[in-house]
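Here is how the chains run, residue by residue.
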Amino acid sequence: MVHHSGSIQSFKQQKGMNISKSEIAKETSLKPSRRSLPCLAQSYAYSKSLSQSTSLFQSVESESQDPTSVTSISADKAEQVNTEEERKDSVLKCSFTDLSDFCLALGKDKDFTDESEHANYDRSRLIKDFVPKNNSEPKPRLPKNDMNYIASSGLLFKDGKKRIDYILVYRKSNIQYDKRNTFEKNLRAEGLMLEKEPAVANPDIMFIKIHIPWDTLCKYAERLNIRMPFRKKSYYTDRRSKSMGRVQKYFRRIKKWMSQNPMVLDKSAFPDLEDSDCYTGPFSRARIHHFIINNKDTFFSNATRSRIVYHMLQHTKYENGISKVGICKLINNGSYIAAFPPHEGAYKSNQPIKTHGPQNNRHLLYERWARWGMWYKHQPLDLIRLYFGEKIGLYFAWLGWYTGMLIPAAIVGLCVFFYGILTMNASQVSQEICKATEVFMCPLCDKNCSLQRLNESCIYAKVTYLFDNGGTVFFAIFMAIWATVFLEFWKRRRSTLTYTWDLIEWEEEEETLRPQFEAKYYKMERVNPISGKPEPHQPSSDKVTRLLVSISGIFFMISLVITAVFAVVVYRLVVMEQFASFKWNFIKQHWQFATSAAAVCINFVIIMALNVAYEKIAYLLTNLEYPRTESEWENSFALKMFLFQFVNLNSSIFYIAFFLGRFVGHPGKYNKLFNRWRLEECHPSGCLIDLCLQMGVIMFLKQIWNNFMELGYPLIQNWWSRHKIKRGIQDASIPQWENDWNLQPMNIHGLMDEYLEMVLQFGFTTIFVAAFPLAPLLALLNNIIEIRLDAYKFVTQWRRPLPARATDIGIWYGILEGIGILAVITNAFVIAITSDYIPRFVYEYKYGPCATHFEYSESCLTGYVNNSLSFFDLSELGLGKSGYCRYRDYRGPPWSSKPYEFTLQYWHILAARLAFIIVFEHLVFGIKSFIAYLIPDVPKNLYDRIRREKYLVQEMMYEAELEHLQQQRRKSGHPVHHEWP
């Protein structure tokens, strides 16, 4: 073979040089480029596992052929080349034998056949076996492809060879058989293989098993630009990392001395997912010789096969007409009742996993992830991604990251709460309220309320201090910074995952149009500026019109929410008088608490009832917009659902935080709603206790309801399905795909409900955290349960969802950033307006004893309670009472020149509140922006690695194609040149 230079540049310089035939005959191999050698240095490290994976799978679609030969190179020649390369570059070292085994990165089993007219490649280049450099034993493989087990689980056709990639279900009694026949005929014409089989438990149910052959797989993989592995990775080490080698070794020794972290998963129990350690490129039948194909049954993963089949199902016609296309429409009109990829087998086994190993990936996920006993363990994200796809893998990665970041927030919130407990009895304000036995508060209602001693609210004052103390401002600032750090570090985590899962360039390559969009706008086409191909186009006027209608629907639903909140407010005003004169002495004494608690429960029922209507209306509005792609549909639907539910959940909280007790007037001149109902006042100890009650009840009840609907409801439905099967049939072997049919389908909105639940919880955790510092702790406890609950649901209670791909969490990241900004503003207003922090601060430094002189023996808040209460003359009520009562406000006394007018202290407090809001927001936003600037979205080493791999992939593809063409020239007897023929 002919030597060529170690770089593309030097190779191109030789272009046009004349080479004699004698020189060509002397050459026996193509010398590798020095820049490509680091990528091949670890070829042998994976060779044994690759060859073993070949032995686990049998070819089921092609007849066996004669073994092909593999190009070999003598050891002394390899040593010569290796020595020469070491002299050229002491950093990049690689055995030339490695290059001979992985020059084209081809792996292939002997049964491989390809009938594509575009795949003209040399079978002598296929590698069948490898000799490892070391004697280390590979990881034990999953018996997931054992044909006997697969056949017993119903995962193969009746011939025992063709695997089931997808399942369609319909009822025999359904009369729309013409549509089904046309659809199935078109599927066969596209290259799919179908087999029908009736259900065992229900004779009216018919299953259609779908298998996608190799040729069809290759055709659609190329059409969809699916990236496939073509060479093993070798991670580049620069001089800086080498200089840090000693430090790393030192830390490794320390790590060995330390006890093993119980939260870390035992990696030996998981399969070696070698696909993540390969360079990948868009699949091409014309360049199929570039890719590592050890076995055609395993080259495309189960997730990839399912995605390709689903793409075909979505773009196949069932009737004449451009709009009569797609399995979704057939399910909607009742032609089929379900379509899903099958699970890999049972999730439980009679044999222990420690001694006999897992039966399949589903069994392994259940034992090492979905069981409740694994609640403290890290998640096997790579295996989740392999089984459920990247989209679900990213959801669990984000949920795990969010849960881990809640730990410091929960600890700090708990410390603030315990600080309030420890200093509660020492609080000057609580002490003054508890000792105010001779201070009478004005009646809080007109008819049935009497004068109340201030010390009767002693308990409320102490409870309020737990949430409104000196640590409140610090915790609000901490949570604002925490939200920024959480989002910035998630971006770094996401970039690492997208690199590891080979999603860096996926979005531009694989995003396809929705069939509904194509069917609607097929007559209006324009050239795609990226692909250069004509595609359906939605006119701007039509798009704007539909958006205006959708926005009008959103505002209508938001106005409906506000109306519901107003109804709850009216309810509070009506029942306030009734609870004040209630027969039960406990409710009569605590009528304000009873009013708030009853209103919270009624508000929660209204919230859950309206959520049902919101979902249907949001679905209709999103379909009305005709989004172009699936990601646009999901983002639009998610935004609508978030707006609806956010307003629904938080509108009553905003009312209590910023409106309750703000516009009531004063005794003798109260403001009334419709001139009938007196507006509700806050408790003598403040409105913060009502805000805490509202947040705590809604957050707690909603989490319980969500957990029940996510797990309890599917459990009950699945139990009833199994009960009906056991009654109708006895001693029958139910195949796996029929067991999957009896499970509950994943909801049609995918992960939207899961994300929505967590994002709303994030809002509860951050927006009003100044009023409820225990919110991060409740969120942490809920999320620990949520992870295992979702895992158990996905593995055991739901049919296997379509393994979809995604590069990020979609629009939810933007929503989280918006919540982080809103949290800063609301916490500033809660501290300044809802809590008594600013009035205490103004009194302490302007009107209190410390304003003129400071003494350690005297508290600066001495006399604050008396100063914060105004006087009212009871004789003005005309009820035959004399004397004075007190109420919360800063107004002049009856004997002043301007009775019941706002005092100067009121305006001082108002100015201090506005100043605090401005300073707090600017300070926190400045810190947030500075932190976001300091934390890069992509780690520096990862950024360098991505750039280097792009460069190496281009060069490896170039050299592999060059050597392949030279091999073809040798076989045809043509002379081999240094440049492209």
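That block above? That's the structure.
These notes cover the structure that comes with them. Numbers given to residues run from 1 along each chain, matching the order in which its sequence is written. Local features are withheld for residues below a pLDDT of 70 in this predicted model, meaning they are given only at 70 or higher, and side-chain atom pairs are given and counted only at 80 or more; totals for whole chains, interfaces and linings count all residues. Here the side-chain values reflect all heavy atoms present in the structure, with hydrogen atoms and water set aside.

## Some details on the nonpolar core
Trp 398 and Trp 812 are the most contacted members of the largest nonpolar core, which has 141 residues in total. Sorting elements by how many residues they give to this core places helix α18 (residues 390-422) first, with 15 residues. Note on contacts: a residue pair is in contact if any heavy atoms of the two residues lie within 4.5 Å. Apart from residues no more than four positions distant in its own chain, Trp 398 is found in contact with Phe 486, Trp 490, Tyr 755, Met 758, Ile 809 and Leu 816. For this analysis, a nonpolar core means a set of buried residues of the types Ala, Val, Leu, Ile, Met, Phe, Trp, Tyr and Cys, connected via side-chain atoms within 4.5 Å. Between buried and exposed lies partly exposed: a residue is buried under 20% and exposed over 50% of the maximum accessible area for its type, with that area taken using a 1.4 Å probe on protein chains only. With 39 residues, the next largest nonpolar core counts Leu 168, Ile 210, Tyr 220 and Tyr 279 among its residues. For helices the rule is a DSSP run of H or I covering at least 4 residues; for strands it is a run of E covering at least 2, with both sets numbered from the N terminus onward.

## What to know about the pattern of salt bridges
Throughout this description, the term salt bridge denotes a Lys or Arg side-chain nitrogen within 4 Å of a carboxyl oxygen of Asp or Glu. A full pass over the atoms with the stated rule returns 25 salt bridges. A salt bridge links Arg 371 to Glu 367; the shortest N-O distance between them is 3.4 Å. Note that Arg 385 is salt-bridged to Glu 390, the shortest N-O span being 3.0 Å. The exposure class assigned to Glu 390 is buried, which follows from its relative accessible area of 4%. What emerges from the salt-bridge pattern is a single network uniting Arg 307, Arg 385, Glu 390 and Arg 805.

## Concerning the pairing of strand β1 (residues 166-171)
The two faces of the sheet receive side chains in turn, since in a regular strand these alternate between them. For β1, a buried count of five out of six residues is recorded, marking the element as mostly surrounded by other parts of the structure. Sheet topology note: the β1/strand β6 (residues 338-340) ladder contains three bridges and is antiparallel. Each residue of the ladder has a partner; that of Leu 168, found in β6, is Ala 339. When DSSP finds at least two bridges between two strands, those strands are taken to pair.

## Side note on the packing of helix α17 (residues 381-388) against α18
Relative orientation of the contacting elements α17 and α18 amounts to 150°, with a least axis distance of 7 Å. Here α17 is positioned roughly antiparallel relative to α18, judged by the angle of their axes. Where α17 crosses over α18, the two elements pack in a sense that is right-handed. Across the interface between the two elements, Leu 381, Ile 384, Arg 385 and Phe 388 from α17 touch Glu 390, Ile 392, Gly 393, Phe 396 and Ala 397 from α18. Class assignment of the residues belonging to the contact of α17 with α18 gives a composition of six nonpolar, one polar and two charged. Angles shown run from 0 to 180 degrees and are taken between the N-to-C directions of axes, each axis being a line fitted to C-alpha atoms and, for helices, limited to the stretch in contact. Roughly parallel refers to an angle under 35 degrees, roughly antiparallel to one over 145, roughly perpendicular to one between 65 and 115, and oblique to any angle outside these ranges. Crossing chirality is assigned from the near helix's rotation relative to the far helix, an anticlockwise turn below a right angle marking it left-handed and a clockwise turn marking it right-handed. Each residue receives one of three labels: charged for Asp, Glu, Lys and Arg, nonpolar for Ala, Val, Leu, Ile, Met, Phe, Trp, Tyr, Cys and Pro, and polar for the others, Gly being one of them.

## Regarding a nonpolar patch on the surface
Here a patch means residues that are over 30% exposed by relative accessible area and free of salt bridges, tied together within 9 Å if like-charged and within 5 Å if nonpolar (Val, Leu, Ile, Met, Phe, Trp, Tyr). Exposure was quantified through the Shrake-Rupley algorithm and a 1.4 Å probe, taking into account, for residues, occlusion by the shown protein chains and nothing else. Taken together, the side chains of Phe 902, Leu 904, Trp 907, Leu 910 and Leu 914 present a nonpolar region at the surface, about 490 Å² in accessible area. Residue placement: Trp 907 occurs in helix α35 (residues 904-934).

## Let's talk about unusual backbone geometry
Within the chain, Asp 502 stands out as a residue other than glycine whose phi angle is a positive 60°. Even without being a glycine, Tyr 900 presents a positive backbone phi close to 65°. In this fold, Tyr 900 is placed in the loop between β16 (884-888) and α35.

## Let's talk about the side chain of Asp 790
Along the chain, the position of Asp 790 falls in helix α31 (residues 775-797). Whenever two N or O atoms come within 3.5 Å, that pair is a polar contact, provided that in protein one can donate a hydrogen and the other can accept it, and provided that, for residues adjacent in sequence, both atoms are side-chain atoms. Within the structure, Asp 790 has its side chain in polar contact with the side chain of Lys 793 (distance 3.2 Å). Not counting residues up to four positions away in its chain, the partners in contact with Asp 790 are Tyr 395, Phe 396, Leu 399, Glu 710 and Glu 754.

## Describing the pairing of strand β15 (residues 869-873)
Of all five residues making up β15, four are buried, and the element is well covered by its neighbours. Examined bridge by bridge, β15 and β16 share five bridges and lie antiparallel to one another. The partner of Leu 869 across the bridge, within β16, is Arg 888.

## Section: the sheet that holds β6
Pairing within the open sheet is antiparallel, and its four strands lie in the order β2-β3-β1-β6. With partners counted over all chains shown, the strands left at the sheet margins are β2 (193-198) and β6, one partner each. Geometrically, the sheet is characterised by an average inter-axis angle of 20° between neighbouring strands, direction not taken into account. Pairing between β2 and strand β3 (residues 205-211): six bridges, direction antiparallel. Bridged to Glu 195 within β3 is Lys 209. Against the sheet, helix α8 (residues 177-190) touches β1, β2 and β3, its axis set at about 165° to β1. Set on the sheet, helix α13 (residues 302-314) makes contact with β1 and β3; between it and β1 the angle comes to about 45°.

## Notes on the packing of aromatic side chains
For this analysis, a ring pair means two rings from Phe, Tyr or Trp (six-membered ring only for Trp) whose centres lie within 6.5 Å, classed as stacked if their planes differ by under 30 degrees, edge-to-face if by over 60, and tilted for the remaining angles. According to the stated counting rule, one finds 61 aromatic pairs in the structure shown. Aromatic pair Phe 659 and Phe 663: ring centres 6.5 Å apart, planes at 35°, arrangement tilted. By definition here, charges over rings are those cases where NZ of Lys or CZ of Arg is within 6 Å of the ring centre and within 35 degrees of the ring normal. One cation-aromatic arrangement involves Arg 800 over Tyr 387; the distance from NZ or CZ to the ring centre is 3.9 Å. Lying across the ring of Phe 902, Arg 891 places its NZ or CZ 4.2 Å from the centre.

## What to know about the side chain of Asn 360
With respect to the element layout, Asn 360 can be found in the loop between α15 (353-356) and α16 (361-370). Of note is the side chain of Asn 360, whose polar atom sits 2.7 Å from the backbone nitrogen of His 363.

In short, the description is geometric, and any link to function would need to be established separately.
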